[in-house]
Amino acid sequence: EIIHEYYGENYSEDDLATSWSIAKTFYAALIGVAIEQDLITFDDLNKPLSFFIPELSRDVKADITLYNILAMKTGLKKIFFIIFKHIIKKSSYKK
């Protein structure tokens with residue numbers, strides 16, 4: 001049961017908010033879990049995203065690495081959620 005909620009001016013419960021750099025810790029934890037569960041290896045951090053998601057091979061995102069994502073140096077917004085969803089769904093890719 002929610003006892004109290006507050007939203008700043010012009011915001012409501014339906015608005016999305018960014019976590020900025022706090023997200024890096026969450027991303028790193030998820031990547032750590034993926035490594036621990038053998039979904040990816042530590043060396044995979046330097047592989048291009050097209051390795052995990054072949055559909056990106058012709059996309060500007062193809063050469064971004066998981067390391068770029070963890071360092072928040074992709075130059076793109078919201079990319080991590082797209083990529084991590086594919087890693088979890090396609091855990092049977094060839095290492």
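Here the structure is shown first, and the text comes after it.
Residues numbered from 1 in each chain as written. Predicted model: local features only at pLDDT ≥ 70, side-chain atom pairs only at ≥ 80, totals over all residues. Heavy atoms only, no water.

Our focus in this paragraph is the overall build of the protein. Scanning the protein for helices and strands turns up four helices and zero strands. Its helices and strands in sequence order give the protein the pattern α-α-α-α, from N to C terminus. Out of the 95 residues in the protein, the part that is buried amounts to 25%. Long-range pairs, those at least 24 residues apart, make up 48% of the contacts in the protein with a sequence separation of at least 6. Summing over all exposed atoms, the protein offers an accessible surface of approximately 7400 Å²; the carbon and sulfur share of this is 56%. (Helix = DSSP H or I, 4+ residues; strand = E, 2+ residues; numbered from the N terminus. Buried < 20%, exposed > 50% of the residue type's maximum accessible area, 1.4 Å probe, protein only. Contact = heavy atoms within 4.5 Å. Areas by Shrake-Rupley, 256 points an atom, 1.4 Å probe, with all protein chains shown as cover.)

This brings us to helix 1 (residues 22–36). Taking 1.5 Å of rise per residue, 15 residues should cover 21 Å, and helix 1 covers 22 Å from first to last C-alpha, within 8% of that figure. Those residues of helix 1 not exposed but buried are Ala-23, Tyr-27, Ile-31 and Ala-34. Down the axis of helix 1, the buried set is contained in an arc of 70°. They therefore lie on one face. Residues of helix 1 that are exposed and point more than 90 degrees away from the buried face comprise Ile-22, Thr-25 and Glu-36. In the stretch just after helix 1, Asp-38 is the one whose phi turns positive, near 60°. (Expected span 1.5 Å × (residues − 1). Arc of directions from axis to C-beta.)

Despite not being glycine, Asn-10 has its phi angle at roughly 70°, a positive value. Mapped onto the elements of the fold, Asn-10 is located in the segment before helix 1. For Asn-10, a relative accessible area of 71% corresponds to the exposed category.

The biggest cluster of nonpolar side chains holds 12 residues, and these are Ile-31, Ala-34, Leu-39, Ile-40, Leu-45, Leu-49, Phe-52, Ile-53, Leu-56, Ile-64, Leu-66 and Ile-69. For this core, the secondary-structure elements that each account for two or more residues are helix 1, helix 2 (49–52) and helix 3 (66–70). (Core = buried A, V, L, I, M, F, W, Y, C linked by side-chain atoms within 4.5 Å.)

A word on the packing of aromatic side chains. Applying the stated criterion across every chain yields a total of one aromatic pair. Ring centres of Phe-51 and Phe-52 lie 5.2 Å apart, and the angle between their planes is 85°; this geometry places the pair in the edge-to-face category. The ring of Phe-51 has Lys-47 lying over it, and the distance from NZ or CZ to the ring centre is 4.2 Å. (Phe/Tyr/Trp six-rings, centres within 6.5 Å; stacked < 30°, edge-to-face > 60°. Lys NZ or Arg CZ within 6 Å of the ring centre and 35° of its normal.)

Taken by themselves, the reported measurements are silent on function.
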